[in-house]
There are 2 protein chains.
Amino acid sequence: LAGFALHPQLEADTRLVGDLPLCRLLLMDDARFPWAILVPRRAGLFEVHHLPAAERSQLVAEAALVAQWLGGLPGITKINHGAIGNMVPQLHWHVVGRLAGDSAWPAPVWGSGPRVPLDDRQAALLLAGLRTLLEDARG
Amino acid sequence: LAGFALHPQLEADTRLVGDLPLCRLLLMDDARFPWAILVPRRAGLFEVHHLPAAERSQLVAEAALVAQWLGGLPGITKINHGAIGNMVPQLHWHVVGRLAGDSAWPAPVWGSGPRVPLDDRQAALLLAGLRTLLEDARG
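Participant: Account for the overall build of chain A, naming residues and giving values.
Facilitator: Helix and strand counts for chain A come out as 3 helices and 5 strands. In chain A, the succession of helices and strands from N to C terminus is α-β-β-β-α-β-β-α. In terms of C-alpha radius of gyration, chain A reaches 14 Å, essentially the compact-globule figure of 14 Å for 139 residues. Principal axes of the C-alpha set define a box for chain A whose edges measure 40 × 35 × 25 Å. Expressed as a percentage of its 139 residues, the buried residues of chain A come to 54%. When contacts within chain A are restricted to residue pairs at least 6 apart in sequence, long-range pairs at least 24 apart make up 61% of them. Of the roughly 6000 Å² of accessible surface on chain A, 58% is carried by carbon and sulfur atoms. The average position of the 12 basic charges and that of the 13 acidic charges among the side chains of chain A differ by 2 Å.

Structure representation (structure tokens):
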């Protein structure tokens, strides 16, 4: 893991949840959608297909764990996944909980307008929930 | 695989490449971007995290195979992945080759305007290339 550092834009837009076995787990600081980001802790990694097979499987396993948790939040009926990276090249995987009628629905969240920062209570609730996944992943 | 049928919207928007071990591989009929779609041949499947772990790994392996091929096309410098499904609920995974200066850059391709159908020559070239992956995946 030598040399891994989070891209400054990801650091600016998110709150830190913690580390899963492969990925740093981040909460997007956006009250419009429950939105997590997974960043494999590998320096100089830009593309999913550059990961070795075992780590690709681990990445999707960690994304599925987060997706399942987001899918259990009240009202969430769809999970969106995306690894885009046109503006922030460091490989990062978005997992977003959606509901019909949210502010971007049915469009994707990317490019849907400026984020609305979470208030402290919302952030605490989401961070506490996501942190239970770190325990699950260890156990 | 009993009961699997491609969603009519996916059928309308794409050309059939063939079947990988898990997924039906489709070429988006859009000349603006080299754009493949993978659809796991499982009836009633909507979410990545509903796949058993082995099939999730297979899905990302097949996506990586397609991504690597798209990444080798002239000018392509970035691969975008997405599984959204807000409008077409059947689980389908987009793999899109991007280049700085394409008609949507740096925005995602989803919601970037109407598709521009491939001409027969473009389609034949992309289909032939993608079909080599079916052989590789068998071998």
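Participant: Give me the lowdown on the sheet that holds strand 3 (residues 35-40) of chain A, citing residues and values where you can.
Facilitator: Pairing is antiparallel in the open sheet, where 10 strands are placed in the order 1(A)-2(A)-3(A)-5(A)-4(A)-4(B)-5(B)-3(B)-2(B)-1(B). A single partner strand is all that each edge strand has here, and the edge strands are strand 1 (14-19) of chain A together with strand 1 (14-19) of chain B. Each neighbouring strand pair of the sheet contributes to a mean axis angle of 20°, computed without reference to strand direction. As paired strands, strand 1 of chain A and strand 2 (residues 23-28) of chain A are joined by 5 bridges and run antiparallel to one another.

Participant: Give me the lowdown on the confidence of the model for chain A, citing residues and values where you can.
Facilitator: Residue-level pLDDT values for chain A average 96, and 98% of them are 70 or greater. Here the predicted complex carries an ipTM of 0.96, next to a pTM of 0.97.

Participant: Tell me about the nonpolar core, residues and numbers included.
Facilitator: Within the largest apolar cluster, 62 residues are counted, with the highest numbers of intra-cluster contacts made by Val66 of chain A together with Val66 of chain B. By residue number, the principal contributor to this core is helix 2 (residues 53-71) of chain B, which donates 7 residues. Sequence-distant contacts of Val66 of chain A, defined by excluding residues within four places in its chain, comprise Leu20, Leu25, Ala36, Leu38, Val95, Leu130 and Leu133 of chain A. In this structure, Leu10 and Val39 of chain A together with Val39 and Val109 of chain B belong to the second largest nonpolar core, which totals 30 residues.

Participant: I'd like a rundown of the environment of Glu11 of chain B, residues and numbers included.
Facilitator: Residues and elements named next belong to chain B. Looking at where Glu11 falls in the secondary structure, it is placed in helix 1 (residues 8-13). By relative accessible area, which is 53% here, Glu11 ends up exposed. When the C-alpha atoms of Glu11 and Leu26 are compared, they prove to be 8.6 Å apart, with 15 residues separating the residues in sequence.

Participant: Outline the interface of chain B and chain A, supporting the account with residue identities and numerical values.
Facilitator: A common way to state how big an interface is: give the accessible area lost once the parts meet. Taken together, the contact pairs 29 residues of chain B with 29 residues of chain A. Taking both sides of the interface into account, the surface hidden between chain B and chain A amounts to around 2500 Å²; carbon and sulfur atoms contribute 60%. Of all residues in chain B, the largest losses of buried area upon contact with chain A belong to His49, His81 and Asn86 of chain B, amounting jointly to 23% of the total for that side. Taken together, the links from chain B to chain A amount to 2 salt bridges.

Participant: Would you mind going over the packing of helix 2 (residues 53-71) of chain A against helix 3 (residues 120-138) of chain A in detail, with residue names and values included?
Facilitator: Residue and element names in this part refer to chain A. At a minimum axis distance of 11 Å, the contact between helix 2 and helix 3 shows a crossing angle of 140°. In terms of their interaxial angle, helix 2 and helix 3 are classed as oblique. Classified by chirality, the crossing of helix 3 by helix 2 is right-handed. Between helix 2 and helix 3, the contacting residues are Leu65, Val66 and Trp69 on the first element and Leu126, Gly129, Leu130, Thr132, Leu133 and Ala137 on the second. Looking at the contact of helix 2 with helix 3 residue by residue, the class counts come to 7 nonpolar, 2 polar and no charged.

Definitions and cut-offs
Residues numbered from 1 in each chain as written. Chains lettered and ligands numbered in written order. Predicted model: local features only at pLDDT ≥ 70, side-chain atom pairs only at ≥ 80, totals over all residues. Heavy atoms only, no water. Helix = DSSP H or I, 4+ residues; strand = E, 2+ residues; numbered from the N terminus. Rg over C-alpha atoms; globule rule 2.2 N^0.38 Å. Buried < 20%, exposed > 50% of the residue type's maximum accessible area, 1.4 Å probe, protein only. Contact = heavy atoms within 4.5 Å. Areas by Shrake-Rupley, 256 points an atom, 1.4 Å probe, with all protein chains shown as cover. Lys, Arg positive; Asp, Glu negative; His and termini not counted. Charge placed at Lys NZ, Arg CZ, Asp CG, Glu CD. Pairing = 2+ DSSP bridges. Axes fitted to C-alpha atoms, helices over the stretch in contact; angles between N-to-C directions. pLDDT = per-residue confidence, 0-100. Core = buried A, V, L, I, M, F, W, Y, C linked by side-chain atoms within 4.5 Å. Buried area = accessible area lost by both parts, 1.4 Å probe. Salt bridge = Lys/Arg side-chain N within 4 Å of Asp/Glu carboxyl O. Parallel < 35°, antiparallel > 145°, perpendicular 65-115°, else oblique. Left-handed = near helix turned anticlockwise from the far one by under 90°. Nonpolar A, V, L, I, M, F, W, Y, C, P; charged D, E, K, R; others polar.

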